[in-house]
There are 2 protein chains.
Amino acid sequence: MLQWDDLRYFLAVHRHGTHAAAGRALRVAPTTIGRRLAALEEALGVKLFQRTPGGLVLGENGQVLRAHAERVEAEVFASERELTGADRRVSGPVRLTAGDGMATHLLAPRLTELQQAHPELRVELRADNLAVDLSRREADVALRLFRPREQSLITRRLAPFTFGIYGGEPYLARRGRPSGMKDAARHDWLGPESAQDGTPPGQWLRRHIPASRIALRSSATTVLMSACAAGQGLAVFPELLAACDARLVPVLPRAALPTRELWAVTHQDLRHSARVAAVMDWLVRLFPAARPA
Amino acid sequence: MLQWDDLRYFLAVHRHGTHAAAGRALRVAPTTIGRRLAALEEALGVKLFQRTPGGLVLGENGQVLRAHAERVEAEVFASERELTGADRRVSGPVRLTAGDGMATHLLAPRLTELQQAHPELRVELRADNLAVDLSRREADVALRLFRPREQSLITRRLAPFTFGIYGGEPYLARRGRPSGMKDAARHDWLGPESAQDGTPPGQWLRRHIPASRIALRSSATTVLMSACAAGQGLAVFPELLAACDARLVPVLPRAALPTRELWAVTHQDLRHSARVAAVMDWLVRLFPAARPA
DNA sequence: GCATGGCCGTGCATGATTGCACGTCGGACG
DNA sequence: CGTCCGACGTGCAATCATGCACGGCCATGC
């Protein structure tokens, strides 16, 4: 039967790269790390790491186990916090996640307010456009463009969330402004990767702009904003984000773009956690248009 | 620092009631159980069990830890299955969850087909009206009346899901059939508990029937169906369920009841699990009206 | 090309954890 | 009311895991 503690050694090796470094982190001898890791690979019957110059790197099976082990770890930490009462103080780690554009332009600049109000709070801001799974403790708080229906999640409405079409001055000087939707289809566009077709910008582009006119695709909104500001093409951005870069000039103001709402989401298990409550409150204050939900 | 393996001992004690029984299950001496448990309580600084005649019973803190520990366990088991290849065979446990009405009348009677097709499959059918959380591995497959939006969940449409209003013969003989919505508000009704106000029957009742006319509330649809068939009042049931009890007579056929769809939901991590695929396929075949989604 | 530093793997002493035997306690049943 | 049975806790011995010291290996830097 698998030794659950071995997952801790496994995670430490993955994070620190070598037996020795993992041993230092866990305050055990490197030889112990090696032996436990061998036992784990033995028990599972698979090799987990590839030995490379510069350390141990996860193999395919290792990646699979890492996902599981990290959830195990998060669950254990959560139980410790809850049972030892650490949840009642605003201290310790909070994992906050949002799309990279929001994280970069809306959250990161104002994180200092939160840090100053709660010096012991340690925020981990994960900028990721793939929706992480709150239920699995992959994050504590998430920003979403829709309100999840799951009963196990609790939500707070932050702000209306609208989109606009933008271009950079160099581009507009070179190509002019599109006069209407017909003309827009002849312009150069920047858009998200196909995996993000479901997002509002992705849907709008797929519907109105031929794929051949999309000059650049990126999974990162920050990349698209930078490229757009530099004049590489037109793009659809949230107005809240576009407002953060003065080089982005709105065009086609009458285009019919979708409207969403911005929600802060957390898991109901974290309802009584002071850390999470502090972050949720900070988020609500961040957006003046917030209304209770 | 907490010993992750201690959670295994903790769960075993909870499930088997005594140190000795837990020790037998884990193939260790009872004294080891006692010592690890003491170490766990020491590390967390809380008492987990109450000693009662007949065994150890979880205290309040124990309940909290149990929820976490069970998720840890499910995660560990999932990693074992995935890495050892046990996922590629249709064997082992599958946890299926649905409302108690659906579980009792639709799933349970036809589980034998599934068991015969896959003798090594061990189905745990959890009848629970509180939506369990698939993402947290509280179940592998769930039946839902809406399609979750979470990207991490995969769904298959099973059938249209309609509701009707029903009464038992004894009741109708005594009180007559309601002639219309006005008259309906003077009848006796059976309904779900207030915690289930969000369900279609709950919403409809809250809207059309005064709370004072609701003679019986139960969280269990089976209870309501039984009471309704025995003539204790009128109630709103899914037509698929009502069809299973010939004593339920449809009334008020023209009432405007909500319409839903029935979905089978699982987590994308289980996409490649043969066990889960077998259950999903069985569910689809169970409902002739199923269409791919 | 050689020295150095860090890392991993192997043998041995140590320390911790486990298992066993025994004592005590509480409840059940005659 | 006494006895028996099962369960939990304590002392001791064995076992197992851990830590340490050493050697081989690789990479980097001089």
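Residue positions are given per chain, counted from 1 along the sequence in the order it is written. As they are written, the chains are lettered A onward and the ligands numbered 1 onward, keeping that order. Confidence filtering applies because this is a predicted model: local features only for residues at pLDDT of at least 70, side-chain atom pairs given and counted only at 80 or more, and all residues used for totals across whole chains, interfaces and linings. Side-chain numbers here rest on the full set of heavy atoms in the structure, without hydrogens or water.

Novice: Now, about the protein's contact with DNA strand C: what can you tell me, with residues and values included?
Specialist: We call a residue near a molecule or strand when any one of its heavy atoms sits within 4 Å of it. In the region of DNA strand C, the neighbouring residues are Thr18(A), His19(A), Ala20(A), Arg24(A), Arg51(A), Leu56(A), Val28(B), Ala29(B), Thr31(B), Thr32(B), Arg35(B) and Arg36(B). Among all atoms of DNA strand C positioned within 4 Å of the protein, those belonging to sugar or phosphate total 74%. By the criterion applied in these results, polar contacts are pairs of N or O atoms within 3.5 Å in which, for protein atoms, one can donate a hydrogen and the other can accept it, and in which residues neighboring in sequence qualify only through two side-chain atoms. Backbone polar atom of Ala20(A) to a phosphate oxygen of DNA strand C: 2.8 Å apart, as the coordinates give it. Between DNA strand C and the protein, one listed contact pairs a phosphate oxygen with a side-chain N or O atom of Thr32(B) at 2.5 Å. In this text, helices come from DSSP runs of H or I with a minimum length of four residues, and strands from runs of E with a minimum of two, each type numbered from the N-terminal end. Counting residues per element, the ones that place at least two in the surface near DNA strand C are helix H2 (19–26) of chain A together with helix H3 (30–44) of chain B. With 4 residues, the single largest contributor to the surface near DNA strand C is H3(B).

Novice: A description of the pairing of strand E5 (residues 141–144) of chain A should follow, citing residues and the corresponding values.
Specialist: All names here are of chain A. Three exposure classes are used, based on accessible area relative to the maximum for each residue type with a 1.4 Å probe and protein chains only: buried under 20%, partly exposed in between, and exposed over 50%. Of the two faces of E5, the one holding Val-141 and Leu-143 and the one holding Ala-142 and Arg-144 are both buried throughout. Paired strands, as defined in this entry, are two strands with at least two bridges between them according to DSSP. Relative to E5, strand E3 (residues 92–98) runs parallel, the two being bridged by 2 bridges. Pairing of Thr-97 across the sheet is with Ala-142, part of E5. Here 4 bridges tie E5 to strand E11 (residues 259–267), and the two strands are oriented antiparallel to one another. Each bridged residue has a counterpart across the sheet, and for Leu-143 the counterpart in E11 is Ala-264.

Novice: Can you explain the interface of chain B and chain A? Please cite residues and give values.
Specialist: What makes two residues a contact is simply this: any of their non-hydrogen atoms within 4.5 Å. Taken together, the contacts link 41 residues of chain B with 41 residues of chain A. Roughly 4000 Å² of surface becomes buried between chain B and chain A when both sides are summed, with 60% attributable to carbon and sulfur atoms. By buried area we mean the combined loss of accessible area, with a 1.4 Å probe, across both parts when two parts are placed together. Looking at the side of chain B facing chain A, the largest losses of area belong to Trp4(B), Leu83(B) and Arg149(B), adding up to 22% of the total buried there. Salt bridges are counted wherever a side-chain nitrogen of Lys or Arg sits within 4 Å of a carboxyl oxygen of Asp or Glu. There are 6 salt bridges connecting chain B and chain A. Glu75(A) serves as the salt-bridge partner of Arg71(B), at 2.9 Å between the closest nitrogen and oxygen. Mapped onto the side of chain B that touches chain A, the elements with two or more residues apiece are helix H1 (6–16) and helix H4 (60–84) of chain B. With 15 residues, H4(B) is the largest single contributor of residues to the side of chain B that touches chain A.

Novice: Describe the environment of Asn61(B), with residues and values.
Specialist: Note that Asn61(B) resides in helix H4. On a C-alpha basis, the gap between Asn61(B) and Leu44(B) in space is 9.9 Å, while along the polypeptide they are 17 residues apart. The contact partners of Asn61(B), leaving out residues within four places of it in the chain, are Leu83(A), Val46(B), Lys47(B) and Leu48(B).

Novice: So what's going on with the domain arrangement of chain A? Which residues, and what values?
Specialist: Residues and elements named next belong to chain A. For each domain, the first and last residues come from an automatic or database assignment. The assigned domain composition of chain A is domain 1 (6–84), domain 2 (86–159 + 260–286) and domain 3 (162–258). Inter-centroid distance (C-alpha atoms) of domain 2 to domain 3 is 28 Å. Contact residues are listed per partner, giving 9 residues for domain 2 and 13 residues for domain 3. Between domain 2 and domain 3 lies a buried interface of about 950 Å² when both sides are counted; carbon and sulfur atoms form 68% of it. The largest share of the area that domain 2 buries against domain 3 comes from Asp-100, His-105 and Arg-260, three residues that together contribute 52% of it.

Novice: How would you explain the pairing of strand E9 (residues 235–238) of chain A if you had to name every residue and give the values?
Specialist: All names here are of chain A. Neither face of E9 is left uncovered, since the one carrying Ala-235 and Phe-237 and the one carrying Val-236 and Pro-238 both have all their residues buried. Two strands pair when backbone bridges link them, and strand E6 (residues 153–168) and E9 are joined in this way by 4 bridges, in the antiparallel orientation. Looking at the pairing, Gly-164 lines up with Phe-237 of E9.

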